[in-house]
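A look at the structure
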Amino acid sequence: MSLLQSFRNLSPSARMGVGLGLLAWGAIGLHMSDRAEERYGLKATEEDKAALAKVVPRITVVDREEKDDGGSGSGSGSGDDGGN
């Protein structure tokens, strides 16, 4: 029996309890990780931050220039009016 099937077989109140427990576990972990970094000296230095900034990809936004095609603005783009 898979873990997912075992979870689905629980009563709704038990599933809610498991879900809330996992959320609490994650929240406590996020809160305690900052304290653990400071306590054990694992906090990033300015040199570490600078080295990371060098390898992080950068996104450059380039504005597209509007082209004036001289057409009527029909939107077809082919220039063929169907022979009419």
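Below, the structure is looked at part by part. (Residues numbered from 1 in each chain as written. Predicted model: local features only at pLDDT ≥ 70, side-chain atom pairs only at ≥ 80, totals over all residues. Heavy atoms only, no water.)

With respect to the overall build of the protein
Note the threshold: Counting from the N terminus, the helices are the DSSP runs of H or I reaching at least four residues and the strands are the DSSP runs of E reaching at least two. For accessible areas, the Shrake-Rupley method is used with a probe of radius 1.4 Å. Any residue's cover is judged against the shown protein chains and nothing else.
Counting secondary structure elements, the protein contains three helices and zero strands. Put simply, the protein runs from its N terminus to its C terminus through helices and strands in the order α-α-α. Accessible surface computed for the protein: about 8,400 Å², of which carbon and sulfur atoms make up 57%.

As for helix α2 (residues 12-39)
Using the following cut-off: An expected span of 1.5 Å times one less than the residue number is assigned to each helix.
The terminal C-alpha atoms of α2, which comprises 28 residues, lie 40 Å apart, in line with the 40 Å expected from a rise of 1.5 Å per residue. After α2 finishes, the residue G41 shows a positive phi value of roughly 70 degrees.

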